[in-house]
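Structure assessment
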Amino acid sequence: MSATSTNLSQTIDDFVAAFNEPSPDLGKVMSFFADDAVYLPGHLPERRGTAAIRKEFEPHFAGRYGAMHFAVYDKIVDEPNRRATIRWACRLDMRGEFGRRAPLPLRLFARARYGGRMQWHGVDVFHFDTAGSISGKFTYAMFRLPLWERG
């Protein structure tokens, strides 16, 4: 992402696309964040700074939950206030090579209950600094653990 980017809609699209690559690159995803960014996961206290955010994302990129793909259903962008919101489904596939990286109990559960593919839904609210980098990513859900369903 260019440090002078002001097209927040395109930045969001590029950020999600980086997660959805066949072999996602955590470094590429982290390049969207400002050094002092804040991340509030849906299930943990907020993380501050890129080192803490990277640590939070590492299990996803290591395949701990299988292959991951985000489908964005809605996107609202407020360019003047440097804010954006997306509503998405996180689709996890416990089959194939990435699926073999997930812990065996999770793989067996996913296969027995959901045929190896499941999804959960969420909303992310993004804040951007004046350079167009993500300064805040706030994930919201109405549950303590993901509400899994057949993907």
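Above this text sits the structure in question.
Notes on the structure follow. Keep in mind it's a predicted model, so treat the numbers as computed, not measured.

Now for the packing of aromatic side chains. For the structure on display, the rule yields 14 aromatic pairs. With a centroid separation of 5.6 Å and 80° between ring planes, the pair formed by Phe 15 and Phe 32 is classed as edge-to-face. Highlighted residues: Phe 15 in helix α1 (residues 8–20) and Phe 32 in the loop between α2 (26–30) and β1 (33–40), separated in sequence by 17 residues. The pair Phe 15 / Phe 32 is uniform in exposure class, with both members buried. For the pair Phe 109 and Tyr 114, a centre-to-centre distance of 5.7 Å together with 80° between the ring planes defines the contact as edge-to-face. Among the aromatic residues, those joined into a cluster by ring pairs are Phe 15, Phe 19, Phe 32, Phe 33, Tyr 39, Phe 57, Phe 61, Phe 70, Trp 88, Trp 120, Phe 126 and Phe 128.

Attention now moves to the side chain of Thr 139. Along the chain, Thr 139 turns up in strand β6 (residues 134–140). Among the residues examined, Thr 139 registers a relative accessible area of 7% and is labelled buried. Within polar-contact distance, the side chain of Thr 139 engages the side chain of Asp 124 at 2.5 Å. For Thr 139, the contacting residues outside a window of four places in its chain are Tyr 39, Leu 40, Pro 41, Gly 42, Trp 88, Val 123 and Asp 124.

Our next topic: the pairing of strand β4 (residues 83–93). Where strand β3 (residues 67–78) meets β4, 11 bridges bridge the pair, whose relative direction is antiparallel. Across the sheet, the residue bridging to Val 72 is Trp 88, located in β4. Counting the residues in the hairpin turn of β3 and β4 gives 4 residues, including Arg 82, whose phi is positive at 55°. As defined by bridge partners, β4 adjoins strand β5 (residues 117–128) across 11 bridges and the pair is classed as antiparallel. Bridging across to β5, Leu 92 finds its partner in Met 118.

Each value, and the rule that gives it
- Residues numbered from 1 in each chain as written.
- Predicted model: local features only at pLDDT ≥ 70, side-chain atom pairs only at ≥ 80, totals over all residues.
- Heavy atoms only, no water.
- Phe/Tyr/Trp six-rings, centres within 6.5 Å; stacked < 30°, edge-to-face > 60°.
- Helix = DSSP H or I, 4+ residues; strand = E, 2+ residues; numbered from the N terminus.
- Buried < 20%, exposed > 50% of the residue type's maximum accessible area, 1.4 Å probe, protein only.
- Polar contact = N/O pair within 3.5 Å; in protein donor to acceptor, adjacent residues only side chain to side chain.
- Contact = heavy atoms within 4.5 Å.
- Pairing = 2+ DSSP bridges.

Shape descriptors only; they carry no functional weight alone.
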